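Residue-level listing of the chains:
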Amino acid sequence: MMKILFRTVFLCFCVIIEPNAVQALGCRNGWIQFESSCYFFSNDVETWAEASIICADLKGHLATVNSAAENSFLKAQANVLKQTGYWLDGNDFEVEGSWRWTTSDDLITFNDWHSGEPNQGASADCLALWRDHAYQWADEPCRHVWNFICKTNSIGDGEQAIG
């Protein structure tokens with residue numbers, strides 16, 4: 001009787017713990033998972049171009065935002081960390097006012113521009129979440145130094161979580 005009880009408790013324990021263990025391996029150390037992507041919120045500040053290179057070195061890219069849910073997740077994380085702003089992947093380099101994701105060259109269809117944004121014309125071609133606007137979107141000069149958010153796919157079956 002004791003063996004049966006022990007096995008039942010052990011099996012229940014494994015079922016409860018296993019989903020969390022699998023989810024914890026979804027992203028590398030220091031990255032945060034949301035849906036099927038992982039996000040890295042930098043501690044250092046860089047220009048937009050330098051941030052883009054660092055994200056590529058980390059096997060990702062500056063974060064793209066494709067839904068209200070994803071945007072809310074990024075804003076909530078940014079609000080916890082309280083940095084001045086975070087670079088995202090968007091820009092209007094080629095055509096002023098035509099905002100695209102750098103990684104895919106797709107037009108930005110979802111947006112969360114703060115009232116009056118984008119507002120800096122040709123002098124501000126890079127997209128950021130800005131604390132002064134409750135982390136809504138703003139166009140900023142790319143030479144400014146801000147924190148940044150990198151994005152990559154979560155780790156799938158057969159891949160290993162490294163660093």
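Look a little higher up for the structure.
Residues numbered from 1 in each chain as written. Predicted model: local features only at pLDDT ≥ 70, side-chain atom pairs only at ≥ 80, totals over all residues. Heavy atoms only, no water.

1. Points about the packing of aromatic side chains
Worth spelling out the cut-off: Between rings of Phe, Tyr and Trp, where Trp is taken as its six-membered ring, a pair exists when centres lie within 6.5 Å; planes separated by under 30 degrees are stacked, by over 60 edge-to-face, and by other angles tilted. Labels follow the DSSP assignment, with helices taken as runs of H or I lasting at least four residues and strands as runs of E lasting at least two, numbered in each case from the N terminus. A simple rule labels every residue: compare its accessible area, found with a 1.4 Å probe on the protein chains alone, to the largest value its type can have, and call it buried under 20%, exposed over 50%, or partly exposed in between.
As enumerated under the stated definition, the model contains 12 aromatic pairs in all. Consider the rings of Phe34 and Phe73, whose centres lie 4.7 Å apart with planes at 15°: the pair is stacked. Here Phe34, found in strand β1 (residues 32–34), pairs with Phe73, found in helix α3 (residues 68–81); they are 39 residues apart in sequence, far enough to count as distant. Residue Phe34 is classed as buried on the basis of its relative accessible area, which comes to 19%. According to the relative accessible area criterion, Phe73 is buried, its value standing at 11%.

2. Observations regarding the pattern of salt bridges
Applicable threshold: What makes a salt bridge here is a side-chain nitrogen of Lys or Arg within 4 Å of a carboxyl oxygen of Asp or Glu, nothing more.
Considering all chains together, one arrives at 2 salt bridges under this definition. Lys151 is paired through a salt bridge with Glu70; the nearest N and O atoms lie 2.7 Å apart. Residue Lys151 is located in strand β8 (residues 147–153), and its partner Glu70 is located in helix α3; the two are separated by 81 residues in the primary sequence. Each member of the pair, Lys151 together with Glu70, is buried. A salt bridge links Asp112 to Lys75, with the nearest nitrogen and oxygen atoms 3.0 Å apart. Of this pair, Asp112 sits in the loop between β5 (100–101) and β6 (126–130) while Lys75 is found in helix α3, placing the two residues 37 residues apart along the sequence.

3. Quick notes on helix α2 (residues 48–57)
Convention followed: Here the arc refers to the directions that run from the helix axis out to each C-beta atom.
Among the residues of α2, Trp48, Ala51 and Cys55 are the ones counted as buried. Buried residues in α2, looked at end-on, bunch into an arc of 60°, giving them a common side. Opposite its buried face, α2 presents the exposed residues Ile53 and Asp57, each directed more than 90 degrees away. One or two residues past the end of α2 sits Lys59, with phi positive at roughly 65°.

4. Remarks on the side chain of Arg28
Note the threshold: Identification of polar contacts relies on pairs of N or O atoms within 3.5 Å, with a donor-acceptor requirement for protein atoms, meaning one able to donate a hydrogen and the other able to accept it, and with residues adjacent in sequence counted only if both atoms are side-chain atoms.
Along the chain, the position of Arg28 falls in the loop between α1 (2–24) and β1. There is a polar contact of 2.8 Å between the side chain of Arg28 and the backbone oxygen of Leu58.

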